[in-house]
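Summary of the model geometry
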Amino acid sequence: MIRYFKKRSVVLGMAFVLALVIIGAAAMPVTAKNKPQRDVWEWTKKNLNPTWMEWGEKYWPTKPVRGGIYRSASTAYVGMLNPNHWPVTDWGVISSIYEGITAYDGNYNQRVTWLMESWEYKTPSELIMKLKPGVTYHDGTPFNAESLKYTFDWIGDKKNGAWTRGMQRAIKSLEVVDEYTLRWRTHKPWGHFPNGFFAFQISQKALMGDVAMREAKSAAKKLKRAEKNTAKLEKQAKAAASKGGEAAEKARTKLVKARKKLEQIKLASAEAAKRAEGHISTDLYPVGTGPYMYDEAKSGNYIQLKRNPNWWFGRSIGRPDMPYFDGLRTTVIPDPSIQLANLRSGRIDVMYITKAQYSMLKDDKNFYVHVFPSNTQVGMIFNHTGPARDIRVRKAISHAIDRKALMAGTQFGLARDASCYFPSDHWAHNPALKPVKYDPELSKKLLAEAGFAKGLTLTGTTGNTPSSQAVSEAIKGMLAKIGVNWKVDAVDAVSGADRLKNLEFDVSMWAAAYIQDPDSLSWYHHPKGAWNNGRIKNNKVVPLIEAARIEIDQSKRQKIYHRIEELMYENYDDIWLWGEVSALTLSKKVQGWNNKMYIENRTWYTSSHPMWFKDGRP
């Protein structure tokens, strides 16, 4: 989205999947054959044991200990607990409850299996997917082909209000082949598998309960209307009876039909209410397959999860004590300075510290402080229908910004060079591209050539957080030096989205968060993208975006994205300032975070390596 994003909670010990799952690594786990319950992961010469498959001293010098509630803070309450409903503001909590069929590695390659065991393209438009046996939901029901198909169908039914429904446009059909096998057919080749559908798996039983609740509410409304209509006809029939004749007979006939229909509706409503009886909406009571399950919550205040004693992964590798914490508790603390006070006093065990706080804690012996690059790119987004339709204006703005100074002065060095949309360690990034040079004299020259020698006023938005405003003020000063008056408004996320949608900006602060599958750039750069809204159409890029979507060969797809970035770069489509670098701080009581393994393996690592307390308590 076009805003600064809250840091995610990857340290809950499991994967953050949003988007939600990504494409790529060659090594794929293959389980033992000819067994109804496959409880070990086997490796062959073809499928090598990956670097994340390590729980010995190379991973951590001491052994895990069970116990304790792991406490974290969030700037906002998690929101809806069914991730297909909006809003969701804490994906770390969501990914502790639910799991995806894949994970991603250190280069954000998505073809890393998790709940899925394997897949095979029969044709470019037909895919056979095999799921991992022996996985159960928190309510004890099985995760299998039927439950995955039901989740898919539930999302596709517009009556269920899933914001993720649009992700399924590429899918033609989904067929259950056997208990753990599905056949996917697409309208076109599925190049960005498995990002064509939302990946979090939800209990079929729970979703059926949601449907029953929806139908019960609908039936109750229908019954209320029928009762009102019948009461009206009763009055009319009574009035007509006093007059007698044909009018009275018609009124009686209508009333008889209405009463009969009312009885039918009452019966249907009662049946619908019975089906929904005792069910709690998945927006409030989530049911996934993840290592933690819902315990209790107070909306706007906190949410607490409890350990899933039947988590499939721990059993599959002979470590049934996984996960190790008895529970996870996330408390809403909007102010980072108050979060830090809670961390220092021991009331919370973990915090993604702000960049300004990093220098205060990096040498503190009471904490582990880990720094790692993230897959969020920060920059500025142009509205190409205004003054920025002229490439000279876009170039002038881009060259007027001193990126090195911004990273040093506002990010305290916790940032890395960015040259285009994808982070530098993303498999789709074009390594030949270099960051745009700071050259204010060139900017002045370009503005004069574009007819703005006497100056130019541009509008825009930024986030309403202190850090966002600090960056914007610094950029505003840089633009002023070349004669550009940037009238930037600090707004909340909703207002910023509205301004973007209505094209009420010239150039705004922007962040592409958690970039996973490269097709996410289409949200901004394809005319039909959710965050385009007519702001840009690069005629050279659009056909390549569409070509990449249907290319199933990873190496060929990579070349297409290299060319896309090259064209975006040459056209100065937007401004790329830096790639984010995160600073994670843990109490020394928390054990088991191997930063090197995380950088190399990302959610494949966090999914498989839950942390623990040194003595089993905070």
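A few points on the structure. Model, not experiment: these values are computed from the prediction. Here the residue numbers are simple positions, counted from 1 along each chain's written sequence. Where totals are concerned, whole chains, interfaces and linings use all residues; where local detail is concerned, this predicted model gives features only for residues with pLDDT of at least 70, and gives and counts side-chain atom pairs only at 80 or more. Computation of side-chain values covers all heavy atoms of the structure but excludes hydrogens and water.

Points about helix 4 (residues 245-276)
Across its 32 residues, helix 4 extends 47 Å between first and last C-alpha, which sits within 8% of the 46 Å expected from 1.5 Å per residue. Only protein chains enter the accessibility calculation, which uses a 1.4 Å probe; a residue whose area is less than 20% of its type maximum is buried, one above 50% is exposed, and one in between is partly exposed. Strands are runs of DSSP state E lasting at least 2 residues, helices are runs of H or I lasting at least 4, and numbering of each runs from the N terminus. Restricting attention to buried positions, one finds in helix 4 the residues Ala248, Ala251, Leu255, Ala258, Leu262, Ile265, Ser269, Ala272 and Ala276. Structurally, helix 4 contributes buried residues whose contacts are with helix 3 (204-241). One or two positions beyond helix 4, positive phi appears at Gly278, with a value near 80°. Take the residue count of a helix, subtract one, and multiply by 1.5 Å to get its expected span. Pairs of residues are marked as contacts when any of their non-hydrogen atoms sit within 4.5 Å.

Thoughts on the packing of aromatic side chains
Two aromatic rings from Phe, Tyr or Trp, using only the six-membered ring of Trp, form a pair when their centres are within 6.5 Å; if the ring planes differ by under 30 degrees the pair is stacked, by over 60 it is edge-to-face, and anything between is tilted. Scanning the entire structure with this criterion turns up 33 aromatic pairs. Considering the side-chain rings of Trp91 and Phe200, the 6.1 Å spacing of their centres and the 10° angle between planes classify their relative orientation as stacked. Taken together, the residues Trp91 in helix 1 (residues 91-97) and Phe200 in the loop between strand 9 (181-186) and helix 3 connect sequence positions 109 residues apart. Residue class for Phe200 comes out buried when judged on its relative accessible area of 1%. Seen in terms of ring centroids, Trp593 and Tyr598 are 4.9 Å apart; in terms of plane orientation they differ by 45°. Their pairing is tilted. Neither residue differs from the other here; Trp593 and Tyr598 are each classed as buried. Taken together through their ring pairs, the aromatic side chains of Tyr59, Trp60, Tyr324, Tyr352, Tyr368, Phe372, Trp593, Tyr598, Tyr605 and Trp612 make up a single cluster. Geometry around Tyr302 places Arg329 over its ring, the cationic atom sitting 3.8 Å from the centre. Of note, Lys588 hangs over the ring of Tyr368, and the distance from its end group to the ring centre comes to 5.1 Å. Criterion for a charge above a ring: Arg CZ or Lys NZ at most 6 Å from the ring centre, at most 35 degrees from the ring normal.

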